[in-house]
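Breakdown of the fold
The lines below spell out each chain.
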Amino acid sequence: MAARPGLESDPLVNTSIALCTRSLYYRYEDTPALNGIDLQVADNAYLAIVGQNGSGKTTLVKHFNGLLKPDTGQVTVYGQDTTRASVGELARVVGYVFQNPDHQIFCSTTRDEISFGPRNLGLDPGEVRERTNDALAAFNLQAYAEIPPAVLGFGLRRKVSIAAVYAMRPRVFILDEPTAGLDRRSAGELLQRMEELHRQGHTLLLVSHDMRIVAEHAREMLVMHDGHVLAHGPTREVLRQTEVLERAQIRPPQIMELGRRLAEWGLPDDALTVDEFCEAYARARKARP
Amino acid sequence: MSVLSVEHISYAYPPLLPEGQPFPVLQDVDLSLDRGEFLALMGPTGGGKSTLCMTLNGLVPQNTGGVFGGRVMVLGHDTRRTPVAELATHVAMVYQDPESQLFNTTVEDEVAFGPENLGVDAHEIVERVEWALRLVQMSEHRLRSPAQLSGGQKQRVAIAASLAMLPQVLILDEPTSGLDPVGQFEVFSVIGELCRARQTTILMVSHDAERIAEFADRVAVLWQGHIARVDSPLAVFEDTELLEQAGLEAPQVTEVAAGLNRRYGTHFHFTRLDRAAWQLAQDLKATRS
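Not measured: the values here are computed from a predicted model.

**Quick look at the overall build of chain A**
On a plain count of helices and strands, chain A comes out with eleven helices and ten strands. By its C-alpha atoms, chain A is 70 × 45 × 40 Å across when sized along the principal axes. By the burial criterion, 48% of the 289 residues in chain A qualify as buried. Counting contacts in chain A only where the partners sit at least 6 residues apart, residues at least 24 apart contribute 63% of the total.

Structural data, given as structure tokens:
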């Protein structure tokens, strides 16, 4: 089995599991944040993590890049225990895009900002340049390469923060509310880029409140509530569990509610996209009573 | 009667550098709101929405400088010639980030702060605080510290604090971004209730098409510094060309209507879930009988 990029090759590494937690507990001083999380995320998964503010989503994902270490329990990344790996080692494997781009932007030009990660990986200058140019192109940022990212608008700063992680080519991407504050076009471009990364074999974790985006893109879904996992499974199946969604105070996409109200006519309550709903509607229209 | 009228305003921020050019943001913006009207303002990031909001309480251009043309009238006051402090008694502003405007140690003090500064007498302050907290459903939290509240609760306290000044006009600049779906719904419901119960005139910046369709009377689209369209939610959300151009989203049910009309030659028009369910059920009944 080939060694995963950035990880010491370990014959015991089970590479079909990207991320794993066992009885993970974590508290902020006297506030419990994670109350026993058991979770496996397969290599090349596209997982959405949803839940109310304060449910533990961000606390959970910060365990995967080693920013947080468990109080008790274990977290492994491609089989490696995060307490035994440095944040630097983990950063080669797990790229984390912060919710607020300003938490990670600090260089004086967009080009420097994006080349910072690859340079820190100790890559040779030619490789750093190539990856930086590639990331600038992938996110349509060439025009802003020599401008300080701090003066760019929010949507552009968001793109810069993602491109900077992209240039490190981590196997796992964690994106915390990546489309918040983006207009629809910018959000669409970003989601397309994420689909490409998934096709190329990367593992994606998407933290989002936008159930429409979750339904249309994520292949599986994890619902968190009060530091517990309420449900984890294929997106369609989880979105069908109305009691779970209610408990976590999540509203499913409008077309699911619409399908539910039209159930007596044979409309599905689990269409994930508008196209899927329209096709089901056409069938329902032709059906004989 | 028009409570707020924006008459052909143009605005450019002063240059960042002494030798620089003024930075144009608004061009010939024209808009008028009646008493008790709820207008949603949509537009892409960087389109001038926040700047337009700040022209309504005089901050632009009184505090920002720059080049200003045209006129904004609020309840008969020209916002360029009326001191910002005086305008604040008529026009209240709620920002995207409630933290930026909460600083007292209890919820109650927070809400009392505005009227105290206006020199309102003590009895009346008590009444206003009670009324405002009841309206945003935060009465039971009156003695808590704002710092302990959830995002939705903080935003509701910020709204109550604005309401306690009894403004006739309330401007909200993306008050729901960063809130989870429950918090978003809480904020929209409170605003809708205000409009009905107190005839407060509302201008709210939001990207949340589904909630806008449910609560707002009209939608204005600010694109590239001018109002590209101001119309009913239905008319705006059916204008796919405009939405595409401005990078905006329609409610998912409106996309269903468009999808069905395009493919099957139907004539559905709806922006709200209940209307959608009703129209589709009527159609299924008719085609199947």
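**Things to note about the overall build of chain B**
On a plain count of helices and strands, chain B comes out with twelve helices and ten strands. Against the globule reference of 19 Å for 289 residues, chain B gives a C-alpha radius of gyration of 21 Å, in line with a compact fold. A total of 289 residues make up chain B; the buried ones form 47% of that total. The long-range share in chain B, meaning contacts at least 24 apart out of those at least 6 apart in sequence, stands at 65%.

**Concerning the domain arrangement of chain B**
Quite often, the size of an interface is put as the accessible area lost when its parts meet. By the assigned domains, chain B splits into domain 1 (1-90 + 167-249), domain 2 (100-165) and domain 3 (251-289). The straight-line distance from the C-alpha centre of domain 2 of chain B to that of domain 3 of chain B is 43 Å.

**Some points on the interface of chain A and chain B**
Taken residue by residue, the interface counts 34 residues in chain A and 32 residues in chain B. Sorting the residues of the side of chain A that touches chain B by element identifies α5 (154-166), α6 (184-199), α10 (254-261) and α11 (274-286) of chain A as the ones contributing at least two each. It is α11(A) that provides the largest number of residues to the side of chain A that touches chain B, a total of eight residues. The class makeup of the residues in the side of chain A that touches chain B is 16 nonpolar, nine polar and nine charged.

**A word on the nonpolar core**
By size, the foremost hydrophobic cluster in this structure holds 91 residues, and its most contacted members are A:Ile49, A:Ala163, A:Ile174 and A:Val223. Considering each element in turn, this core owes the most residues, seven residues, to α5(A). Beyond its immediate chain neighbours, meaning those up to four positions away, A:Ile174 contacts A:Val61, A:Phe64, A:Asn65, A:Val94, A:Gly95, A:Tyr96, A:Val97 and A:Leu205. Counting residues in hydrophobic clusters, the runner-up holds 74 residues, among them B:Leu26, B:Val29, B:Ala158 and B:Val190.

**Topic: helix α1 (residues 49-56) of chain B**
Residues and elements named next belong to chain B. Across the eight residues of α1, seven count as buried, placing the element largely inside the fold. Residues of α1 that are buried include every one of Lys49, Thr51, Leu52, Cys53, Met54, Thr55 and Leu56, and no others. Once α1 ends, the next one or two residues include Gly58, with phi positive near 85°.

**A few points about the sheet that holds strand β5 (residues 80-81) of chain A**
Residues and elements named next belong to chain A. Taken in spatial order, the four strands line up as β2-β1-β4-β5 in an open sheet, and their pairing is antiparallel. The outermost strands of the open sheet, each flanked by one partner alone, are β2 (31-42) and β5. In terms of strand pairing, strand β4 (residues 72-77) meets β5 through two bridges, oriented antiparallel. When the sheet's bridge partners are listed, Thr76 is paired in β5 with Asp81.

**A closer look at the domain arrangement of chain A**
All names here are of chain A. We note that the domain assignment places domain 1 (24-252) and domain 2 (253-289) within chain A. Inter-centroid distance (C-alpha atoms) of domain 1 to domain 2 is 33 Å. Between domain 1 and domain 2, the contact holds nine residues from the first and seven residues from the second. Contributions of two or more residues to the side of domain 1 that touches domain 2 are made by α7 (211-217) and α8 (235-240). Looking at the side of domain 1 that touches domain 2, its residues break down into four nonpolar, one polar and four charged.

**Description of the sheet that holds strand β3 (residues 38-42) of chain B**
All names here are of chain B. With mixed pairing, the six strands of this open sheet are ordered in space as β6-β7-β8-β3-β9-β10. Bordering the open sheet on either side are β6 (91-94) and β10 (226-231), each of which pairs with just one other strand. Within the sheet, the average angular offset between the axes of one strand and its neighbour, ignoring direction, is 20°. Across five bridges, strand β7 (residues 169-173) lies against strand β8 (residues 201-205) in parallel orientation. The residue of β8 that forms the bridge with Leu170 is Ile202. Contacts from α1 reach β3, β6, β7, β8 and β9 (218-223), with the element oriented near 155° to β7.

**Some details on α11(A)**
Between its first and last C-alpha, α11(A) extends 19 Å over 13 residues, near the 18 Å set by a 1.5 Å rise per residue. As for α11(A), its buried residues are in contact with α10 of chain A together with α11 (252-264) of chain B.

**Considering the packing of α10(A) against helix α12 (residues 273-288) of chain B**
As a packed pair, α10(A) and α12(B) sit with axes 10 Å apart at the nearest point and diverge in direction by 40°. Relative to α12(B), the element α10(A) lies oblique. Seen along the crossing, α10(A) lies across α12(B) with a hand that is right-handed. Contacts between α10(A) and α12(B) pair A:Gln254, A:Glu257, A:Leu258 and A:Arg261 from the former with B:Leu273, B:Ala276 and B:Ala277 from the latter. Tallied by class, residues from the contact of α10(A) with α12(B) come to four nonpolar, one polar and two charged.

**Considerations on the confidence of the model for chain B**
Residue and element names in this part refer to chain B. For chain B, the mean per-residue pLDDT works out to 91, and 99% of the residues sit at or above 70. Of all secondary-structure elements in chain B, the lowest mean pLDDT belongs to helix α7 (residues 181-198), at 86, while helix α9 (residues 233-237) reaches the highest, 98. Prediction confidence for the complex, expressed as pTM and ipTM, is 0.86 and 0.84 respectively.

**What to know about unusual backbone geometry**
Of note, the bond from B:Val60 into B:Pro61 is cis; its omega dihedral lies within 30 degrees of zero at 5°. Structurally, B:Pro61 is set in helix α2 (residues 59-62). Positive phi outside glycine occurs at A:Asp226, with the angle close to 50°. Within the secondary structure layout, A:Asp226 lies in the loop between β9 (220-225) and β10 (228-234). C-beta crowding within 10 Å serves as the criterion here: with 16 such atoms nearby, A:Asp226 is assigned to the partly exposed category.

Thresholds applied
- Residues numbered from 1 in each chain as written.
- Chains lettered and ligands numbered in written order.
- Predicted model: local features only at pLDDT ≥ 70, side-chain atom pairs only at ≥ 80, totals over all residues.
- Helix = DSSP H or I, 4+ residues; strand = E, 2+ residues; numbered from the N terminus.
- Buried ≥ 20, exposed ≤ 12 C-beta atoms within 10 Å, placed from the backbone.
- Contact = placed C-beta atoms within 7 Å.
- Rg over C-alpha atoms; globule rule 2.2 N^0.38 Å.
- Domains from an automatic or database assignment.
- Nonpolar A, V, L, I, M, F, W, Y, C, P; charged D, E, K, R; others polar.
- Core = buried A, V, L, I, M, F, W, Y, C linked by C-beta atoms within 7 Å.
- Pairing = 2+ DSSP bridges.
- Axes fitted to C-alpha atoms, helices over the stretch in contact; angles between N-to-C directions.
- Expected span 1.5 Å × (residues − 1).
- Parallel < 35°, antiparallel > 145°, perpendicular 65-115°, else oblique.
- Left-handed = near helix turned anticlockwise from the far one by under 90°.
- pLDDT = per-residue confidence, 0-100.

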